[in-house]
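The primary structure of each chain is shown beneath.
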Amino acid sequence: MRGQFTGWPQQAMDVLWELQGEPSHATRERCRLDRERLIRQPMIALLGEVADTDPRYEDFSVWHYRTDSWWWQHQGAVIRLGRKIEIGLRFDLDGLRIQGAWWYPDRGQVDTFRKAVASEGSGRELSAIVGDLRKKGYDISGDVMKRVPRGYPTDHSRVDLLRHRSLIAARPLGCEEWLHTPEAVDRVLSAAADLDALLMWLVRNVRHAT
């Protein structure tokens, strides 16, 4: 049911400013309750609405702060779509960022990924998906080998993809006024739709590897 997320309050940015640099233990404790209320809880509400829209997005987690100051300055969350395949969100002073990722692969997933990339049907499909995401402004990255993996020709038409041991498509969504309104839900859903072809390709082709 829509309506639980109303946006990150403007005061959320004030809290993040206080936590910049290397905030002392006293500063963190002073900000703890405000950070929970103004930053983390809105992220939970946002992902709750995203999950209400599409049940595929129901398995999500919103991180706590841990001990490293970075985690206090950046509010992270993930939506799990398959084994090691997920949508990641991050809210901080730069605004909201989204990524679709297959990373920290399980044993066997990299070999399975490469076989799918080398196959004409699935490989051409992934190449087209990645090209389309680049056109939409997504940065394509991951753990990439310097050399072509053993067993594949150095002149393979998808050699750049074969060198990947993880695959991430990411872009900033911005830091405009919509962050402080319910419109942020629609921005996330639109970006998730951009990433859907990539993530579903990964779910079909690497999820079950062991």
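Here, residues in each chain are numbered from 1, in the same order as that chain's written sequence. With the structure being a predicted model, the display of local features is reserved for residues of pLDDT at least 70 and the display and counting of side-chain atom pairs for 80 or more, all residues being used for whole-chain, interface and lining totals. Excluding hydrogens and water, the side-chain figures rest on all heavy atoms present in the structure.

Engineer: I keep staring at the overall build of the chain and nothing clicks. Help me out?
Structural biologist: For the purposes of this entry, the term helix denotes a DSSP run of H or I that reaches at least four residues, the term strand denotes a run of E that reaches at least two, and both are numbered from the N terminus. When its secondary structure is counted, the chain shows 7 helices and 6 strands. Reading the helices (α) and strands (β) of the chain from amino to carboxyl end gives α-α-β-α-β-β-β-α-α-β-α-β-α. Categorising residues by exposure relies on relative accessible area from a 1.4 Å probe, with only protein chains included: less than 20% of the type maximum marks a residue as buried, more than 50% marks it as exposed, and the intermediate range marks it as partly exposed. Among the 210 residues that make up the chain, the fraction classed as buried is 50%. The contact rule is simple, with two residues in contact once any of their heavy atoms fall within 4.5 Å. Residue pairs at least 24 apart in sequence account for 67% of intrachain contacts in the chain once pairs closer than 6 positions are excluded. Working definition of accessibility: Shrake-Rupley area with a 1.4 Å probe, residue cover restricted to the visible protein chains. Accessible area of the chain: about 10800 Å², with a carbon and sulfur share of 49%.

Engineer: I would appreciate a short explanation of the sheet that holds strand β6 (residues 167–174) in the present structure.
Structural biologist: As a general point, the strands of a sheet are linked pairwise by backbone hydrogen bonds and lie either parallel or antiparallel. What makes two strands pair is DSSP finding at least two bridges between them. Across the sheet, 6 strands lie side by side as β1-β2-β3-β4-β6-β5; this open sheet has antiparallel pairing. Across the chains shown, the open sheet's two edge strands, defined by having one partner strand only, are β1 (60–62) and β5 (139–141). Taken pair by pair, the neighbouring strands of this sheet meet at an average axis angle of 20°, ignoring direction. Of the strand pairs in this sheet, β1 and strand β2 (residues 75–82) are connected by 3 bridges, and their pairing is antiparallel. Bridge pairing links Ser61 to Val78 in β2. To obtain an axis, a line is fitted to C-alpha atoms, over the contacting stretch when the element is a helix, and the angle between two such axes runs from 0 to 180 degrees between their N-to-C directions.

Engineer: Any chance you could explain the packing of aromatic side chains here in plain terms?
Structural biologist: Aromatic ring pairs are defined here through the distance separating the ring centres and the angle between the ring planes. Stacked, edge-to-face and tilted labels apply to pairs of Phe, Tyr and Trp rings (six-membered ring for Trp) whose centres lie within 6.5 Å, assigned for plane angles under 30 degrees, over 60, and everything in between, in that order. Summed over the entire model, instances satisfying the criterion amount to 7 aromatic pairs. With a centroid separation of 5.2 Å and 40° between ring planes, the pair formed by Trp103 and Tyr104 is classed as tilted. Relative accessible area serves as the criterion here: at 24%, Trp103 is assigned to the partly exposed category. Residue Tyr104 is classed as exposed on the basis of its relative accessible area of 62%. Taking the centre distance of 5.9 Å and the plane angle of 85° together, the rings of Phe113 and Trp201 count as edge-to-face. Of the two residues, Phe113 sits in helix α4 (residues 109–118) while Trp201 sits in helix α7 (residues 183–206), which places them 88 residues apart along the sequence. Using a relative accessible area of 0% as the deciding quantity, one classes Phe113 as buried.

Engineer: Is there a simple way to explain the pattern of salt bridges in this structure?
Structural biologist: Once the charged atoms of two side chains with opposite charge are near each other, the side chains can pair. Salt bridges are counted wherever a side-chain nitrogen of Lys or Arg sits within 4 Å of a carboxyl oxygen of Asp or Glu. One pass over the structure, following the stated rule, counts 19 salt bridges. Residues Lys136 and Asp132 are paired through a salt bridge, measuring 3.4 Å at the closest nitrogen-oxygen approach. Salt bridges here are not isolated pairs; linked through shared partners, they connect Asp132, Lys136, Arg171 and Asp194.

Engineer: When you look at the pairing of β2 in this model, what are you seeing that I'm missing?
Structural biologist: One face of the sheet, then the other: side chains in a regular strand alternate in exactly this way. The element β2 is largely enclosed, with a buried count of 7 among its 8 residues. Bridge analysis of β2 against strand β3 (residues 85–92) gives 7 bridges, and the strand direction is antiparallel. Bridge pairing in β3 links Gly76 to Arg90. A loop of 2 residues connects β2 with β3, the two strands running antiparallel in sequence, and Lys84 in this loop sits at a positive phi of about 70°.

Engineer: Mind showing me how you'd approach the packing of helix α1 (residues 11–18) against helix α2 (residues 25–53) here?
Structural biologist: The angle between the axes and the distance between the axes are what describe a pair of packed helices. It is the contact of α1 with α2, at a shortest axis distance of 10 Å, that shows an interaxial angle of 150°. Judged on the interaxial angle alone, α2 and α1 are roughly antiparallel. Here α1 and α2 pass one another in a crossing that is left-handed. Across the interface between the two elements, Gln11, Ala12, Val15, Leu16 and Glu18 of α1 pack against Thr27, Arg30, Cys31, Asp34, Arg35, Leu38 and Ile39 of α2. For the contact of α1 with α2, the per-class residue count stands at 6 nonpolar, 2 polar and 4 charged. Any angle between 65 and 115 degrees counts as roughly perpendicular, while under 35 counts as roughly parallel, over 145 as roughly antiparallel, and the rest as oblique. Crossing chirality is assigned from the near helix's rotation relative to the far helix, an anticlockwise turn below a right angle marking it left-handed and a clockwise turn marking it right-handed. Note on residue categories: nonpolar means Ala, Val, Leu, Ile, Met, Phe, Trp, Tyr, Cys or Pro, charged means Asp, Glu, Lys or Arg, and polar means any other residue, Gly included.

Engineer: How should I be thinking about the pairing of strand β4 (residues 95–102) in this particular structure?
Structural biologist: Here β4 lies mainly inside the structure; 7 of its 8 residues are buried. The antiparallel hairpin formed by β3 and β4 contains 2 residues in its connecting segment.

Engineer: Could you clarify how one ought to interpret α2 in this entry?
Structural biologist: Structural remark: α-helix, 3.6 residues per turn; residues separated by three or four positions point the same way. With 29 residues, α2 extends 39 Å from end C-alpha to end C-alpha; this agrees with the ideal 42 Å at 1.5 Å per step. To get the bend at a residue, fit one axis to the 7 residues ending there and another to the 7 starting there, then take the angle between the axes. Along its length, α2 shows its largest kink, about 50°, at Arg35. Any helix carries an expected span of 1.5 Å times its number of residues minus one.

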